[in-house]
Amino acid sequence: MHRGRSRTPAARRGWIALLIAGSLAPWSARAADQRAHDAHAAADDRRPLREIVVTATRRAEPAQDVGIALTAVSGRLTHSLRVEQPLDLSLVDPSLSTMNAQTDSTPLFLLRGIGLDDFNNNNSSGVGIYQDGVFASFPGFLTDTLYDVARVEILKGPQGTLYGKNTDGGAINIISAQPTEHFGGYVEVDYGRWNTVDLTSAVSGPLNDRVKARLAGTMTTQREGYQTDLTTGRRYGKRDRGGARALLDVRLSDAANLELNGHWVYDHSVPSSPSTPNVEALIPPEPFPTAGLMDSPPGGTQVRVGGLPLYQHELGGGASATLKVDFARCKLTSISAYDAFTDHSLDNYDGYPAADNNWTKNFQQWQLSQEVRLTSQRGGPVDWIVGALYSQNGYHNRDALDWTFVYGLATYMTQQGLAITAENFVQRQRSSGVYANVDTHLSRRLTLVTGLRYSHDQTSFDGVTIDPTGLLTYAAHHFTGPIVPNTVLARLDESRANQNLSYRVGLDYHLRPEVLLYGSLASGYKAGIYYGQPAQVQVDWGYVQPETNLTSELGIKSRLLDDSVQLDLDVFDSVIRNRQSSLSLWAGPVGTQPLIAGLGNVPRSRIDGVEAEIDWRPVRGLALHLAATRLDARVTDTLTNDNGLALYTPVRVGQRLPDAPNFAWSYIVHYEHPVATHLIAFVQANDRFVSAIHPYLGDPTTFGQGHDMGARIGIRDPDAHWNASLWTKNLTDTRPLTYAFAGSEGQRVSFYQRPRSIGIDFTYDF
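Novice: Please explain the overall build of the protein as it appears in this structure.
Specialist: For the protein, the helix and strand inventory stands at 4 helices and 42 strands. Taking 2.2 N^0.38 as the reference for a compact globule, 766 residues should give roughly 27 Å; the C-alpha atoms of the protein span a radius of gyration of 26 Å, in line with that estimate. In terms of overall dimensions, the protein has C-alpha extents of about 80 × 55 × 45 Å along its principal axes. Each of the 766 residues in the protein was classed as buried or not, and the buried ones make up 58%. Put simply, 69% of the contacts in the protein that link residues at least 6 apart link residues at least 24 apart. With an accessible surface of roughly 28,500 Å², the protein has 59% of that area assigned to carbon and sulfur atoms. For the protein, the distance from the average position of its 68 positive side-chain charges to the average position of its 79 negative side-chain charges is 5 Å.

Novice: I'm lost on the sheet that holds strand β3 (residues 70–74) in this one. Help?
Specialist: By way of backbone hydrogen bonds, the strands of a sheet pair with one another, either parallel or antiparallel. Pairing is mixed in the open sheet, where 5 strands are placed in the order β3-β8-β9-β6-β7. Each edge of the sheet is formed by a strand with only one pairing partner; in this case those strands are β3 and β7 (134–135).

Novice: Help me out: how do you make sense of the sheet that holds strand β13 (residues 227–229) in this one?
Specialist: Ordered by their spatial adjacency, 3 strands build an open sheet running β14-β13-β17, and the pairing between neighbours is mixed. Two strands bound the open sheet, and with one partner strand each, they are β14 (235–236) and β17 (302–303). By the bridge criterion, 2 bridges tie β13 to β17 in an arrangement that is parallel. Across the sheet, the residue bridging to Asp 229 is Val 303, located in β17.

Novice: Help me out: how do you make sense of the pattern of salt bridges in this one?
Specialist: Two side chains bearing opposite charge may form a pair once their charged atoms approach each other closely. What the rule picks out here adds up to 29 salt bridges. Within the structure, one salt-bridge network assembled from shared partners comprises Arg 82, Glu 84, Asp 190, Asp 198, Arg 239 and Lys 729.

Novice: What am I meant to see in the environment of Gln 227 here?
Specialist: Tracing the chain through its elements places Gln 227 in strand β13. In this structure Gln 227 comes out as buried when scored by relative accessible area, which is 2%. Spatially, the C-alpha atom of Gln 227 lies 9.4 Å from that of Arg 754, the residues being 527 residues apart in sequence. Setting aside residues up to four positions removed in sequence, Gln 227 forms contacts with Arg 234, Arg 235, Tyr 236, Ser 272, Ser 273, Gly 300, Thr 301 and Val 303. A distance of 2.7 Å separates a polar side-chain atom of Gln 227 from the backbone nitrogen of Ser 273.

Novice: How should the side chain of Asp 383 be read in this particular structure?
Specialist: Here Asp 383 lies in strand β21 (residues 382–397). On the accessibility criterion, Asp 383 (3% relative accessible area) is buried. Dropping the residues within four chain positions of it, Asp 383 is found in contact with Arg 59, Ser 376, Gln 377, Arg 378, Asn 437, Val 438, Asp 439 and His 441.

Novice: I keep staring at the packing of aromatic side chains and nothing clicks. Help me out?
Specialist: All chains considered together, the criterion is met by 32 aromatic pairs. Aromatic pair Phe 341 and Phe 363: ring centres 6.3 Å apart, planes at 35°, arrangement tilted. Here the residue Phe 341 occupies a position in strand β19 (residues 330–348), and Phe 363 occupies one in strand β20 (residues 358–376), the gap between them amounting to 22 residues. In terms of burial, Phe 341 and Phe 363 fall into one category: buried. A network of ring pairs unites the aromatic residues Phe 138, Phe 141, Phe 341, Phe 363, Tyr 395, Phe 425, Phe 461, Tyr 530, Trp 541 and Tyr 543 as a single cluster. The side chain of Arg 245 reaches across the aromatic face of Tyr 147, ending 4.4 Å from its centre.

Novice: Help me understand a nonpolar patch on the surface in this model?
Specialist: Residues Tyr 191, Val 619, Tyr 671, Val 683, Ile 713, Leu 726, Ile 758 and Ile 760 make up a contiguous nonpolar surface patch of roughly 700 Å² in combined accessible area. The residue Val 683 is located in strand β36 (residues 679–693) in this model.

Novice: How should the side chain of Asp 508 be read in this particular structure?
Specialist: Turning to its location among the elements, Asp 508 is positioned in strand β25 (residues 487–512). Of the side chains with opposite charge, Arg 504 lies nearest to the buried Asp 508, which makes no salt bridge, at 7.6 Å. Not counting the four nearest positions on each side in its chain, Asp 508 is found in contact with Asp 65, Gly 67, Arg 445, Leu 446, Thr 447, Val 449, Leu 516, Leu 517 and Tyr 518.

Novice: How should I be thinking about the environment of Ser 725 in this particular structure?
Specialist: With respect to the helices and strands, the residue Ser 725 is situated in strand β39 (residues 722–729). You can call Ser 725 buried: its relative accessible area is 7%. Sequence separation between Ser 725 and Ser 666 is 59 residues; the distance between their C-alpha atoms is 22 Å. Apart from the residues lying within four places of it in its own chain, the contact partners of Ser 725 are Phe 682, Arg 712, Ile 713, Gly 714, Gly 759, Ile 760 and Asp 761. Side chain to side chain, Ser 725 and Arg 712 meet in a polar contact 2.7 Å long.

Novice: What am I meant to see in the pairing of β3 here?
Specialist: In summary, the side chains of a regular strand alternate between the two faces of the sheet. β3 sits mainly inside the fold: 5 of its 5 residues count as buried. Side chains of β3 alternate between two faces, with Leu 70, Ala 72 and Ser 74 and Thr 71 and Val 73 buried alike.

Novice: Whenever I open this one, unusual backbone geometry confuses me. Can you help?
Specialist: Only a minority of non-glycine residues have a phi that is not negative, and only a minority of peptide bonds are not trans. The phi angle at Arg 112 is positive, at roughly 55°, despite the residue not being glycine. Here Arg 112 lies in the loop between β5 (107–111) and β6 (127–131). Phi at Asn 357 is positive, roughly 70°, even though this residue is not glycine. Along the chain, Asn 357 turns up in the loop between β19 and β20.

Conventions and cut-offs
Within each chain, residues carry numbers counting from 1 in the order of the written sequence. Only residues with pLDDT of 70 or above have their local features reported here, since the model is predicted, and side-chain atom pairs are shown and tallied only from 80 upward, although totals for entire chains, interfaces and linings are computed over all residues. The basis for every side-chain value is the complete set of heavy atoms in the structure, and neither hydrogens nor water enter the calculation. Secondary structure follows DSSP: runs of H or I at least 4 residues long count as helices, runs of E at least 2 residues long count as strands, and numbering of each begins at the N terminus. Radius of gyration: C-alpha atoms only; globule rule: 2.2 Å multiplied by the number of residues to the exponent 0.38. Here's how the labels work: a residue is buried when its accessible area is under 20% of the maximum for its type, exposed when over 50%, partly exposed in between, all with a 1.4 Å probe on protein chains only. We call two residues in contact when some of their heavy atoms are within 4.5 Å. Only the protein chains shown count as covering a residue, and every accessible area follows the Shrake-Rupley method with a 1.4 Å probe. Positive: Lys, Arg. Negative: Asp, Glu. His and the chain ends are not part of the count. Where a charge lies is defined by one atom per residue type: Lys uses NZ, Arg uses CZ, Asp uses CG and Glu uses CD. A pair of strands is considered paired only if DSSP assigns at least 2 bridges between the two. Put simply, a salt bridge is a Lys or Arg side-chain nitrogen that is within 4 Å of an Asp or Glu carboxyl oxygen. We define a polar contact as two N or O atoms separated by no more than 3.5 Å, with the added condition that, inside protein, one atom must be a possible hydrogen donor and the other a possible acceptor, whereas residues neighbouring each other in sequence contribute only through side-chain atom pairs. Stacked, tilted and edge-to-face are the three classes applied to pairs of Phe, Tyr and Trp rings, where Trp contributes its six-membered ring and a pair requires centres within 6.5 Å; stacked means planes under 30 degrees apart, edge-to-face means over 60, and tilted covers the rest. A ring has a charge above it when a Lys NZ or an Arg CZ is no more than 6 Å from the ring centre and no more than 35 degrees off the ring normal. Residues enter patches when they are more than 30% accessible in relative terms and free of salt bridges; like-charged ones are connected within 9 Å and nonpolar ones (Val, Leu, Ile, Met, Phe, Trp, Tyr) within 5 Å.

All we've got here are geometric facts, nothing functional implied.
The structure is reproduced here in structure tokens:
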């Protein structure tokens with residue numbers, strides 16, 4: 001990037017023309033200015049690690065001085081690892097578990113085994129995810145592509161005081177690349193397996209002496225699906241998505257700035273489908289052929305969908321305004337935001353061609369929020385932050401599940417539309433809170449950290465689930481009694497309110513300037529919620545109480561060997577009350593009705609763990625990142641039923657919590673070296689391993705226990721004007737299960753890791 005270019009009138013006209021042209025193309029991007037800085041630093045190779053500045057504590061400070069376990073990565077690294085969605089961030093931190101609970105539309109996030117294992121889109125994770133300072137209140141806001149990222153911060157453990165509700169597992173800050181002082185940008189073209197084309201671009205610079213702007217976007221088109229239906233030959237798993245973002249940085253005065261953010265996303269992909277290897281052995285004899293027509297082989301590339309026209313049509317957008325005003329002794333920050341998102345899709349959720357849980361989804365969601373905070377200027381014996389937040393969100397859902405085969409109504413294998421549960425509900429949430437955080441510097445080395453937050457949440461739910469044909473109810477009553485269309489299966493209209501007081505008490509001690517010892521006792525909570533899937537029985541719908549987490553933690557952050565090594569280590573103990581957990585339940589007396597899913601509270605559970613992270617620059621051009629997490633996550637109070645419905649298998653004391661692997665690790669190795677006067681070659685390898693995981697409590701199915709290895713090799717010029725590379729994901733072409741659960745017949749519904757993909761990438765900076 002040419003940083004010294006003067007802003008002549010011709011240059012300004014050219015920049016404005018490019019901005020207008022860029023607004024017409026949904027290109028994607030990442031932080032070219034930061035990438036150029038990193039490239040120069042790598043070429044010069046000063047062995048000491050660069051200082052990383054984060055905003056984890058709502059103020060900019062070096063990560064080394066923050067007494068919180070966190071992982072911070074640059075946009076350059078997320079790009080080189082092909083982190084395409086927030087879901088892929090588990091590649092950089094083994095403490096983070098991510099998975100799609102539906103084929104492509106419900107990302108789940110858990111930190112240290114705490115977060116969300118509910119597959120319904122009306123719920124929110126216990127890991128709060130913030131995009132440019134704005135909380136994403138539903139999973140639907142997290143399905144878009146990551147592009148033009150400056151950095152990502154992953155904060156582990158409860159963040160209830162500074163971040164509020166739904167952060168009892170932690171928080172993730174995703175920060176976009178910002179407008180630059182000088183004109184520049186980049187264009188990237190990527191071509192990969194399955195005839196996939198990615199176009200990415202960003203353009204940035206000043207519009208005048210007071211206004212800077214940045215326009216970025218992304219577009220992915222995949223012309224061939226990676227899955228093939230064994231019966232019909234149709235292809236599934238084809239991506240067609242993208243988005244754009246416009247940022248304005250307006251200098252209102254020497255002390256005030258206004259940052260405007262407008263963004264838009266779309267997804268018109270053909271979803272992938274799960275599969276099942278064992279349903280044929282579990283179903284009763286049928287009056288039509290089923291042998292060899294339902295099961296699919298392992299691996300996930302050959303499926304049986306039964307001719308369902310799977311589709312996914314998603315559209316979202318929003319805007320935010322951040323006002324920053326510097327006063328003599330403090331700084332004011334105000335963030336106002338609004339987002340909306342719609343989804344219309346069809347999902348083969350059962351994993352085989354018959355009508356068992358075929359899921360038609362139709363929902364709209366929106367959110368608005370207003371946060372104001374005052375942050376003291378540094379330099380005194382006390383640093384403080386006070387703030388207040390108000391937010392609302394709404395969710396309107398009109399889903400339907402087709403159970404024609406499960407209830408014995410089908411006269412041929414793929415018959416549909418006879419036994420349906422159809423729901424229509426509106427959920428609304430209002431939240432408010434006030435908070436304060438005080439860092440008291442007891443000495444030059446010792447700081448006392450205290451924080452307190454009061455929150456009030458109100459959630460309302462008004463909905464009904466019906467049996468449109470009346471045949472599901474007729475079949476559930478052993479094919480006796482009248483057939484009554486539009487039979488009401490469940491109806492609920494109620495509102496619940498809860499209050500929470502979260503706190504943090506900690507000590508940070510600098511043993512030396514490069515060694516920080518810290519300890520804390522912190523709490524956080526996940527707000528109460530209603531179960532969102534169409535209910536087959538009334539008790540399956542109901543309010544699930546808030547979840548709370550109290551964590552004690554000790555840690556050390558140290559820089560060693562002349563700042564060439566960063567070693568972070570922490571141990572923690574988390575006590576969780578009323579953990580919100582998905583449950584596998586019998587819809588009636590055990591064995592007489594299908595298995596259904598529900599959401600309930602586990603009274604008590606506990607997670608102990610240890611985390612280690614190492615960054616090392618041993619020689620010129622070589623960078624190593626190693627990280628590992630060990631968890632002991634178990635139930636400490638027995639659970640045998642949920643609102644009277646028996647669990648598929650009882651939950652006993654000592655049973656492992658779902659989505660909390662005992663062990664996970666990852667590494668990233670990057671090496672580069674000049675091969676000519678104006679040419680640098682580089683190579684990178686990465687891998688992540690996770691041990692076996694359970695999806696729900698009361699479900700003995702396991703998944704995980706596999707690797708996800710990637711690699712990249714390429715060349716670039718020393719000034720980072722261009723680079724070209726060859727990349728691969730899932731290098732070893734392994735197919736571990738990325739998610740699995742027991743379906744209605746007890747079959748294993750299986751989601752597999754995508755097959756190996758290979759591609760080429762070229763980027764030009766200007």
